[in-house]
Every structure is written in structure tokens, then in C-alpha cells.
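One-letter residues, chain by chain:
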Amino acid sequence: MVYHSSFVDDEGITKACGCPLLPLKSHIKGPAPVSDKETDIVDEAITFFRANVFFRNFDIKSSADKLLIYLIFYINVALKRLEGCRTLAGGTKAIINLGLEDIPVPGEAGFPFSGLFPLPQSDDEAELFRDYLKQIREETSGRLLSVAYRPNGTPNKWWIAFAKRKFMNIIVPQH
């Protein structure tokens with residue numbers, strides 16, 4: 001059974017490229033509103049990742065599911081980068097380098113889900129979506145490090161092992 005996002009009510013939520021810009025529990029600067037709820041979409045993505053990564057198909061029930069799919073893919077990419085890092089310091093460096101990479105949006109080369117998200121209608125919409133993806137990726141990376149590494153700084157094999165999985169049969173590029 002695929003786990004879906006609980007954020008199905010997106011009324012009043014700004015959208016870009018058909019994706020809701022959901023609130024985040026974050027102090028990272030960006031276009032996302034600050035969440036006052038106990039959990040946000042990043043929490044859901046990390047919580048559901050190990051179950052959902054096994055699926056080749058994902059039935060979309062709400063627009064928040066599109067964001068969940070994107071985040072599960074991003075977590076997969078991040079774990080691939082963490083796979084060879086034996087310490088939290090090494091993992092942090094790998095994640096920072098991942099964060100410095102260009103973030104493609106629908107219609108640009110390298111965007112993994114071209115059919116899932118509609119093309120931006122303007123340059124402003126494309127930049128808003130890019131900024132949101134940058135913010136949510138940074139937030140996800142920080143939280144992922146806290147589960148991918150134990151408090152003593154060693155890798156958590158129960159997380160790093162999932163780097164070998166292919167979500168929705170998409171091959172994660174090596175760097």
C-alpha cells in the first residue's frame with residue numbers, strides 16, 4: 001500500500017507548476033509559509049520514504065502527493081550521495097554539495113518528473129517553484145542527516161541501505 005500525503009486541503013495555498021507550496025517547519029529562507037502544525041510534508045516524506053521507495057507506480061490522490069513524490073526521489077538522490085560517507089561530517093559535506101547544484105524545474109533538462117508537473121506559465125512562476133524546491137530540499141537534507149546518521153556520527157545502515165533502491169524505476173545519477 002502506497003502512503004499518501006495527509007495535506008489534501010490546499011485551498012488558500014499558493015501553487016507553482018501545479019504543486020502546492022505547503023508550509024514548512026523551517027527557519028530556512030524561502031517562499032514557503034511557516035507551519036504551525038506538528039508535522040509537515042518533509043516529515044511525511046521522511047516517514048513514508050522507506051515504504052514508498054519500493055513502488056514503481058504511485059497513484060496521485062492530491063496535489064500534495066506530487067510534492068511527496070518529488071521529495072521521496074530527492075531523499076533517494078541524497079542517500080545515494082551519503083552512501084560512501086562514513087561520518088556525519090562527510091555526509092554533511094556531501095549534502096551541502098548536493099544543495100549547491102542547479103535545481104531544474106518542469107521543462108528544463110534534468111527535471112525528473114516532466115509529465116507530473118505542468119510547465120510554468122511565466123518566468124516568475126518558474127523562479128518561485130525553483131526557490132521553493134531549493135528551500136524544501138535544504139530542509140529535507142537537514143532532517144535526513146539526523147536519521148541517516150546515529151548520534152555518535154556513524155551511518156545508520158537501516159537508512160543508507162535504501163540508497164540502492166530505485167523509486168518509480170528512476171535511476172539516480174551518480175556524482
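What counts, and at which threshold
Along each chain, numbering runs from 1 in the same order as the chain's sequence is written. Per-residue local features are limited, in this predicted model, to residues with pLDDT of at least 70; the limit for side-chain atom pairs, both in listing and counting, is 80 or more; totals at the level of whole chains, interfaces and linings are taken over all residues. The side-chain values count all of the structure's non-hydrogen atoms but skip hydrogen atoms and water molecules. Working definition: helices are DSSP H or I runs of at least four residues, strands are E runs of at least two. Numbering for both runs from the N terminus. Put simply, the radius of gyration uses C-alpha atoms, and a globule should come to 2.2 Å times the residue count raised to 0.38. With a 1.4 Å probe rolled over the protein chains alone, any residue whose accessible area is under 20% of its type maximum counts as buried; one over 50% counts as exposed, and the rest are partly exposed. Any two residues whose heavy atoms approach within 4.5 Å are treated as being in contact. With residues, only the protein chains shown are counted as cover, and all accessible areas are computed by Shrake-Rupley using a 1.4 Å probe. The axes are straight lines fitted to the C-alpha atoms, using for helices just the contacting stretch, and the angles between their N-to-C directions are given from 0 to 180°. In these notes the angle categories are as follows: under 35 degrees is roughly parallel, over 145 is roughly antiparallel, 65 to 115 is roughly perpendicular, and the rest is oblique. In a left-handed crossing the near helix is turned counterclockwise from the far helix by less than a right angle, and in a right-handed crossing that turn is clockwise. Under the convention adopted here, Pro, Cys and the residues Ala, Val, Leu, Ile, Met, Phe, Trp and Tyr are nonpolar, Asp, Glu, Lys and Arg are charged, and Gly plus all remaining residues are polar. The aromatic pairing rule takes the rings of Phe, Tyr and Trp, using the six-membered ring of Trp, and pairs them if the centres are within 6.5 Å, calling planes under 30 degrees apart stacked, those over 60 edge-to-face and the rest tilted. By disulfide we mean two sulfur atoms from cysteines, separated by a distance within 2.5 Å. We define the nonpolar core as a collection of buried residues of types Ala, Val, Leu, Ile, Met, Phe, Trp, Tyr and Cys that are connected through side-chain atoms lying within 4.5 Å of one another.

**Let's talk about the overall build of the protein chain**
Across its full length, the protein chain carries five helices and two strands. Reading the protein chain from its N end, one meets helices and strands in the order β-β-α-α-α-α-α. The C-alpha radius of gyration of the protein chain comes to 15 Å, within 12% of the 16 Å expected for a compact globule of 175 residues. Each principal axis of the C-alpha distribution contributes one length, and for the protein chain these read about 45 × 35 × 30 Å. Across the 175 residues of the protein chain, 49% fall into the buried class. For the protein chain, the share of sequence-separated contacts (at least 6 apart) that also reach a separation of at least 24 residues comes to 71%. Roughly 9,200 Å² of accessible area belongs to the protein chain as shown, and the carbon and sulfur atoms make up 54% of that amount.

**Structural notes on the packing of helix 1 (residues 41–52) against helix 2 (residues 63–82)**
Where helix 1 meets helix 2, the axes come as close as 9 Å, and the angle between the chain directions of the two elements is 65°. Relative to helix 2, helix 1 is oriented roughly perpendicular. The hand of the helix 1/helix 2 crossing is right-handed. Residues Ile-41, Val-42, Glu-44, Ala-45, Ile-46, Phe-48, Phe-49 and Asn-52 of helix 1 form the contact with helix 2, whose own contacting residues are Ala-64, Leu-67, Leu-68, Leu-71, Ile-72, Ile-75, Asn-76 and Leu-79. Of the residues belonging to the contact of helix 1 with helix 2, the class tally is 13 nonpolar, two polar and one charged.

**Some remarks on the environment of Pro-106**
Following the sequence through the fold, Pro-106 ends up in the loop between helix 3 (88–99) and helix 4 (123–148). Along the chain, Pro-106 and Lys-93 lie 13 residues apart, while their C-alpha atoms are 28 Å from each other. Here Pro-106 is in contact with Cys-17, Phe-111, Phe-117, Pro-118, Leu-119, Pro-120 and Phe-129, once residues within four sequence places are set aside.

**Considerations on unusual backbone geometry**
With phi around 55°, Cys-17 is a residue other than glycine that occupies positive phi space. In this structure, Cys-17 sits in the loop between strand 1 (15–16) and strand 2 (19–20).

**Structural notes on the packing of aromatic side chains**
Taken as a whole, this structure holds six aromatic pairs when the rule is applied. A ring pair is formed by Phe-49 and Trp-159, whose centres lie 5.9 Å apart and whose planes are at 15°; its orientation type is stacked. Of this pair, Phe-49 sits in helix 1 while Trp-159 sits in helix 5 (residues 157–160), placing them 110 residues apart in sequence. Under the relative-accessibility criterion, Phe-49 is labelled buried at 0%. Plain terms: the ring middles of Tyr-70 and Phe-111 are 6.2 Å apart, the flat faces sit at 20° to each other, and that makes the pair stacked. Of the two residues, Tyr-70 sits in helix 2 while Phe-111 sits in the loop between helix 3 and helix 4, which places them 41 residues apart along the sequence. Taken together, the ring pairs connect Tyr-70, Phe-111, Phe-117 and Phe-129 into an aromatic cluster.

**Details of the environment of Ala-148**
Mapping Ala-148 onto the fold places it in helix 4. By relative accessible area, which is 0% here, Ala-148 ends up buried. With near-sequence residues (within four places) excluded, Ala-148 lies in contact with Leu-79, Leu-82, Thr-154, Pro-155, Asn-156, Trp-159 and Ile-160.

**Regarding the state of the cysteines**
Working definition of a disulfide: a covalent bond connecting the sulfur atoms of two cysteines. For the coordinates displayed, the defined rule picks out zero disulfides. Looking at Cys-17, it has no disulfide partner, and the nearest cysteine sulfur is the one in Cys-19, 8.2 Å off. Among the residues examined, Cys-17 registers a relative accessible area of 0% and is labelled buried.

**Observations concerning the nonpolar core**
Residues Ile-41, Leu-79, Leu-82, Phe-129 and Ile-136 are the most contacted members of the largest nonpolar core, which totals 54 residues. Sorting the residues of this core by element identifies helix 1, helix 2, helix 3, helix 4 and helix 5 as the ones contributing at least two each. In terms of residue count, the dominant contributor to this core is helix 2 (14 residues). The residues contacting Leu-82, other than those within four sequence positions of it, are Gly-91, Ile-95, Leu-144, Leu-145, Ala-148, Tyr-149 and Ile-160.

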